[in-house]
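# Secondary and tertiary structure notes
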Amino acid sequence: MAITSIKNLKEFSTNNDRFEGAHTLCPGCAHSMIVRELMNCTDDNLVIASNTGCLEVSTAVYPFTSWDTSWIHIGFENAATAVSGAEAMFKARKKKGTLKDNDASVKFVAFGGDGSTYDIGFQWLSGAMERGHDFTYICLDNENYANTGGQRSSATPIGAHTSTAQAGTHSYGKKQKKKDIVAIMAAHDAPYVAQLAPNKWKSMAKGFQKALETEGPCFINTVSPCCTEWKFDPKDTINITDLATDTLMFPIYEIINGHELNILYRPKNVLPVEEYLAAQGRYKHLFKPENKHVIEEIQKNINEYWEMLQRREEARV
Amino acid sequence: MAEKFDLNEREVWDGNYAASQALRQAQVDVVAAYPITPSTPIVENYGAYVANGYIDGEFVMVESEHAAMSGCVGASAAGGRVATATSSQGFALMVEVLYQASGMRLPIVLTVVNRALASPLNVRGDHGDMYLGRDSGWIQIDAFNAQEAYDLTLCAFKIGENHDVRLPVMVHQDGFITSHTAQNVYPLSDEKAYGFIGDIVPVDDMLDFSRPVTYGAQTEEDWHFEHKAKQHKALMDSRTVIDDVFAEFEKLTGRKYNRVEGYDMDDAEVVIVALGTTVETARVAAQELREEGVKAGVVGIRVFRPFPFDQVRDMLENAKSIAVLDRSSPGGAMGAFFNEVSAALYTTPNRPLITNYIYGLGGRDFSVAEAKRIFLEQKANADAGHITTDIQQFSGLRGPHLGYFQTKRS
Amino acid sequence: MQDLKLKAAEKRGIHQLGGDELVGWDEVTQGIILTSFEGDASDIVHKKAEERNYSDFNSYTATVASWRVKKPVFNIDVCIDCQNCWVWCPDTSIISRDKQMLGIDYDHCKGCEVCVEVCPTNPKSLLMFGEQEDLETALSQWPEKKKKEK
Ligand SMILES: Cc1ncc(C[n+]2csc(CCOP(=O)(O)OP(=O)(O)O)c2C)c(N)n1
Ligand code: SF4
Ligand code: SF4
Ligand code: SF4
Ligand SMILES: [Mg+2]
């Protein structure tokens, strides 16, 4: 496959974007940073499917499309299946020789928000992973149903306020922990699974390229800070992502063949999670004295998870 | 190249096998499917043909019917020939994607083996699933027996893939009564069948990288209406293509299909209008009654969508009393099929008497005797000059009579 | 000072979102299909925006300039071409060619200020100014190098 040079940003910037401006994502939205990076990682033809969500409703609003490649949206839950179908058709037509260009190399990619990935499209994704189609699924994890105004998803972390897991006088926001989608996808014995973040552009680009190059179903969870629902200034999207990775709220790692775990980023100074939480309106209430225990719990969860990741990395099992 | 499959001039096939042979002869590129009784054998057979080299295609066994149709949409947008099969709850689970497929104008063929919708759970045939598809923007063709299931599945590809149509097509058959009953079927040779359908010529092919296309854009109030209108027009305009394909099929096989089928209708005074295997039962009843001097006729709707409003009217306007048979629980209204036939007849000068029978739910047998009784009730109406029964009645039901509404006579 | 149509293909930003002309049902595309380019687009990945033949359906031909209240202004004299702004701009609005940052695509920039945040130079090579400020005046007001606070 034709991967592009990611040696440094200068090299990377010689790529010609295939994701165009004048889409209607919010200013500062990380979704498009991630999509642009994925598309700039390869010179190959792309067939992309998107689930319903902010990305989809903002990039194909009749009579405009922001996609310079083949792109399809069916519904909220089924992008993984849409690319499965397209990939199967590619194989069938290649065998028969009915493609317009039978030698064209192509990559199949699906994008979903956390809502469509962790929740409503979970079954569709699991099915496509199990069937082993040659595709890469990328979750744009902004930890809420942003497109419909910020409801909780199973990716919403404990303690966050959302419009359906409200913080109030009798509640500190969401009560449940975030679902561990990366572990679940690794348990599908997928050849490549990773969790990546756009601030670490190089590890993200590397991960994308690995996934695109790997035959079989690959899954990548990307943190996609949402200024609108997380309640921060749009200019801070990358700053917030830095806090997410440096507090280890969002560790960066990959799992190869379902077991070989590699940590891809180790912060020199691990920051206390308060710094990340305090930067966002959705966690504001946690700084009331009665909610101190939630911050403590979040910190404890982070520490334990990081410990687990490191042990798994060492154990190589 | 696909392996050669030996066929006899006359085969004994059930409806499922007949449909799956049509998929094989069409050399469908991708089938994405999920099993459900009674349609399962259609996709099992496709899988077996792929496994044994009789089809060069991809069989994608997905994890639900919603995914089956989603996979079909992705595959169809990728430019090849696509089909699948389902029934009942599986059909219900597909509904979201049925609308998406037709909105994107993708010529997928869905063979629907009609079965009742739960609750209560029931595996037998009624038309609840078929009715659930009626506003989905698909062409819906109805086969009354195994031969027709075969013939019409072949026609479905040719109709849907026609560039003036570009719409998905359902081919219905009745669960068990057709799908699991072995009957004589006269297949075409593989060459003849494929020659009739022809190669699929892709439109807006996602795998044509010289022309990237976006499928499934968002349209709000300033665009949605225009798109839906265009889609409706395509469905209405498909009528002439369907007629042409049926005519070509007749030339090839001598078997003639019409969007509305009339039997003994030239001088019919009392008529049963029905779908599916019931048409055949009613025909037997009509012929027996004709021997007794009752001018009975039968109308079967071959193409349920686009609904043949004008042809239904032409066929029925000179009748005296008509029974429209709905094999679907009406859910608090007159039967949907009754409403459609009535609307067509309302625009005739004579406005024949018309009544509604709800029958056969969950596979309850519909006998010749029951058909005869319905004809005789129409005869009584015709003689009296008004409807003598409830306008809607349940037929073949145990327990006290269940019926609603009477004619308003001043 | 930056040329406002810097490296633009002919049709960049000529349409309003929503479409300038609301055509009738007989003229909308079949199946809601949108094509991204006119003519053969096989090698699009190797073509820069200004070499591409965008179709009227491509959002490249639309503008979101009206979304901005503030705009980033680029000062080429300070820039070190690190391409931070290019990789993180969410709106494909940093125009880089041959590893050089050349300026902003003001048809597509929404004024989010991310590029300014990630610019590492001192003073920054990108700064926000009022949408109405003309570029020359903005550049004339460029701050001096800031001393590191201890
Ligand atoms: C079947 C169905 N249920 C609900 C919706 C409404 N809906 C559309 S997008 C969305 C949330 C999207 O959330 P997510 O997947 O996280 O994407 P985001 O918008 O956050 O990027 C919801 C609830 C829908 N379109 N379809
Ligand atoms: S709501 Fe959030 S995810 Fe959606 S477009 Fe805005 S910033 Fe992006
Ligand atoms: S302000 Fe935002 S949209 Fe404009 S160029 Fe900078 S990063 Fe891009
Ligand atoms: S971030 Fe600043 S220094 Fe780097 S390329 Fe952009 S303008 Fe130049
Ligand atoms: Mg989300």
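Residues numbered from 1 in each chain as written. Chains lettered and ligands numbered in written order. Predicted model: local features only at pLDDT ≥ 70, side-chain atom pairs only at ≥ 80, totals over all residues. Heavy atoms only, no water.

## Brief notes about the overall build of chain A
Counting secondary structure elements, chain A contains twelve helices and ten strands. Compactness check: chain A gives a C-alpha radius of gyration of 19 Å against a globular reference of 20 Å for 317 residues, within 12% of the reference. If you line up chain A on its principal axes, its C-alpha atoms span 70 × 50 × 40 Å. The buried share of chain A, reckoned over its 317 residues, is 64%. Across chain A, every contact between residues at least 6 apart in sequence was considered, and the portion connecting residues at least 24 apart equals 70%. (Helix = DSSP H or I, 4+ residues; strand = E, 2+ residues; numbered from the N terminus. Rg over C-alpha atoms; globule rule 2.2 N^0.38 Å. Buried < 20%, exposed > 50% of the residue type's maximum accessible area, 1.4 Å probe, protein only. Contact = heavy atoms within 4.5 Å.)

## Some points on the domain arrangement of chain C
All names here are of chain C. Parsing chain C into structural domains produces domain 1 (2–59) and domain 2 (63–131). Using C-alpha coordinates to define each centre, domain 1 is positioned 23 Å away from domain 2. With 14 residues of domain 1 in contact, the opposing surface of domain 2 contributes twelve residues. Counting the surface lost from both domain 1 and domain 2, the interface buries some 1100 Å², and carbon and sulfur atoms represent 53% of this. One can count six residue pairs in polar contact (both at pLDDT 80 or more) joining domain 1 with domain 2. Its residues placed into classes, the side of domain 1 that touches domain 2 shows four nonpolar, five polar and five charged. (Domains from an automatic or database assignment. Buried area = accessible area lost by both parts, 1.4 Å probe. Polar contact = N/O pair within 3.5 Å; in protein donor to acceptor, adjacent residues only side chain to side chain. Nonpolar A, V, L, I, M, F, W, Y, C, P; charged D, E, K, R; others polar.)

## Examining the nonpolar core
Membership of the largest hydrophobic core comes to 167 residues, with the highest contact counts inside it found for Ile-72 and Phe-111 of chain A. With residues near it in sequence (within four places) discarded, Ile-72 of chain A still touches Ile-48, Ala-49, Ser-50 and Ala-82 of chain A together with Val-73, Gly-74, Ala-77, Met-104, Met-206 and Tyr-215 of chain B. (Core = buried A, V, L, I, M, F, W, Y, C linked by side-chain atoms within 4.5 Å.)

## A word on the sheet that holds strand S7 (residues 169–174) of chain B
All names here are of chain B. Spatial ordering of the open sheet is given by S3-S2-S4-S5-S7-S6-S13, a layout of seven strands whose pairing is mixed. A strand with exactly one partner marks an edge of an open sheet, and here the two such strands are strand S3 (58–61) and strand S13 (303–305). Strand-to-strand, the axes of this sheet are offset by a mean angle of 20°, without reference to chain direction. By the bridge criterion, two bridges tie strand S2 (residues 30–33) to strand S4 (residues 82–86) in an arrangement that is parallel. (Pairing = 2+ DSSP bridges. Axes fitted to C-alpha atoms, helices over the stretch in contact; angles between N-to-C directions.)

## Quick notes on the site of ligand 1
Taken together, 18 residues form the shell around ligand 1, and within it His-31, Cys-54, Asp-114, Gly-115 and Ala-146 of chain A come nearest. Among the chains of the assembly, those with residues near ligand 1 are chains A and B. Between ligand 1 and the protein, one listed contact pairs an oxygen atom with a side-chain N or O atom of Asp-114 of chain A at 2.9 Å. For ligand 1, whose accessible area on its own is 590 Å², the fraction buried by protein is 77%. Of the residues forming the shell around ligand 1, the biggest block, four residues, is contributed by helix H5 (residues 114–120) of chain A. Here the shell around ligand 1 is composed, by residue class, of five nonpolar, ten polar and three charged. (Near = heavy atom within 4 Å. Areas by Shrake-Rupley, 256 points an atom, 1.4 Å probe, with all protein chains shown as cover.)

## Some details on the packing of aromatic side chains
Using the criterion set out here, one finds 27 aromatic pairs over all chains in the structure. Their ring planes at 65° and their centres at 5.4 Å tell us that Phe-196 of chain B and Phe-249 of chain B sit as a pair that is edge-to-face. Linking Phe-196 of chain B in helix H7 (residues 190–197) with Phe-249 of chain B in helix H8 (residues 224–253), this pair joins segments that are 53 residues apart in sequence. What makes Phe-249 of chain B buried here is its relative accessible area of 0%. Within the aromatic cluster, the residues linked to one another by ring pairs are Phe-19, Trp-67, Trp-71 and Phe-111 of chain A. We note Arg-36 of chain A situated over the ring of Trp-86 of chain C; from NZ or CZ to the ring centre the distance is 5.0 Å. Looking at Lys-158 of chain B, its charged tip hangs above the ring of Phe-196 of chain B, at a distance of 5.2 Å from the centre. (Phe/Tyr/Trp six-rings, centres within 6.5 Å; stacked < 30°, edge-to-face > 60°. Lys NZ or Arg CZ within 6 Å of the ring centre and 35° of its normal.)

## A short note on a nonpolar patch on the surface
All names here are of chain B. Side chains of Leu-397, Leu-402, Tyr-404 and Phe-405 sit close together on the surface and give an oily, nonpolar patch of about 380 Å² of accessible area. Considering the arrangement of structural elements, one finds Leu-402 in the loop between strand S16 (392–395) and strand S17 (403–404). Given a relative accessible area of 32%, Leu-402 falls into the partly exposed group. (Patch = residues over 30% accessible without salt bridge, like charges linked within 9 Å, V, L, I, M, F, W, Y side chains within 5 Å. Salt bridge = Lys/Arg side-chain N within 4 Å of Asp/Glu carboxyl O.)

## Let's talk about the interface of chain B and chain A
Across the contact, 45 residues belong to chain B and 44 residues belong to chain A. Of the roughly 3400 Å² buried between chain B and chain A on both sides combined, carbon and sulfur atoms contribute 61%. Counting the surface chain B buries against chain A, the share from its top three residues, Leu-207, Phe-209 and Gln-218 of chain B, is 19%. On the surface where chain B and chain A come into contact, there are five salt bridges.

## Some details on the site of ligand 2
For ligand 2, the full set of nearby residues is Leu-25, Cys-26, Cys-29, His-31, Cys-54, Asn-142, Ala-146, Cys-226, Cys-227 and Thr-228 of chain A. In the shell around ligand 2, the residues fall into seven nonpolar, three polar and no charged.

## Here's the deal with the coordination of the magnesium ion (ligand 5)
Residue and element names in this part refer to chain A. At the metal site, the magnesium ion (ligand 5) is ligated by Asp-114 (OD), Asn-142 (OD1) and Asn-144 (O), and these contacts range over 2.0 to 2.1 Å. In the primary sequence, the donor residues of the magnesium ion (ligand 5) line up as D-x27-N-x1-N. On the criterion of sequence distance, the pair formed by Asp-114 in helix H5 and Asn-144 in the loop between strand S4 (136–141) and strand S5 (167–168) is long-range, its members being 30 residues apart. Both residues of the pair, Asp-114 and Asn-144, belong to the buried class. (Donors = N, O, S within 2.8 Å, 3.2 Å for Na, K, Ca; no water.)

## Structural notes on the pairing of S16 of chain B
Residues and elements named next belong to chain B. Sheet topology note: the strand S15 (residues 353–359)/S16 ladder contains four bridges and is parallel. Residue pairing across strands places Ile-358 opposite Phe-394, the latter belonging to S16. Between the parallel elements S15 and S16, the chain passes through helix H12 (residues 368–384) in a crossover that is left-handed. Summarising the sheet, S16 and S17 pair through two bridges and their orientation is antiparallel. Each bridged residue has a counterpart across the sheet, and for Gln-393 the counterpart in S17 is Gly-403. (Right-handed = clockwise from strand over helix to strand, strands pointing away.)

## Digging into a negative patch on the surface
Residue and element names in this part refer to chain C. Together, Asp-20, Glu-21, Asp-26 and Glu-27 make up a region of like negative charge exposed at the surface. By the element assignment, Glu-21 lies in the loop between strand S1 (15–16) and strand S2 (34–35). Residue class for Glu-21 comes out exposed when judged on its relative accessible area of 58%. (Lys, Arg positive; Asp, Glu negative; His and termini not counted. Charge placed at Lys NZ, Arg CZ, Asp CG, Glu CD.)

## As for the interface of chain A and chain C
By a widely used convention, the size of an interface equals the accessible area lost when the partners come together. At the interface, 43 residues of chain A touch 50 residues of chain C. Counting each side, the surface lost to burial between chain A and chain C is near 3900 Å², with a carbon and sulfur contribution of 59%. The interface formed by chain A and chain C holds three salt bridges in total. Between Lys-99 of chain C and Glu-11 of chain A there is a salt bridge, with its nearest N and O atoms 3.3 Å apart. Inspection of the chain A/chain C interface yields 26 residue pairs in polar contact (both at pLDDT 80 or more). Going through the elements one at a time, helix H1 (9–12), helix H2 (30–40) and helix H10 (237–246) of chain A are the ones with two or more residues in the side of chain A that touches chain C.

## Let's talk about the side chain of His-108 of chain C
Inspection of the secondary structure assignment puts His-108 of chain C in the loop between strand S6 (100–104) and helix H2 (114–118). Take His-108 of chain C: its relative accessible area is 1%, and that puts it in the buried class. A polar side-chain atom of His-108 of chain C sits 2.6 Å from a polar atom in the side chain of Asp-105 of chain C. Setting aside its immediate chain neighbours within four residues, His-108 of chain C contacts Gly-21 and Ala-22 of chain A together with Arg-12, Gly-13, Ser-59, Tyr-60, Ala-62, Val-64, Asp-91 and Ser-93 of chain C.

## Quick notes on the environment of His-108 of chain C
Residues and elements named next belong to chain C. As for His-108 and Ala-65, which are separated by 43 residues in sequence, their C-alpha atoms are 6.1 Å apart. A distance of 3.0 Å separates a polar atom in the side chain of His-108 from the backbone oxygen of Tyr-60. Within the local environment of His-108, its side chain forms a polar contact with the backbone oxygen of Ala-62, the two atoms lying 3.0 Å apart.

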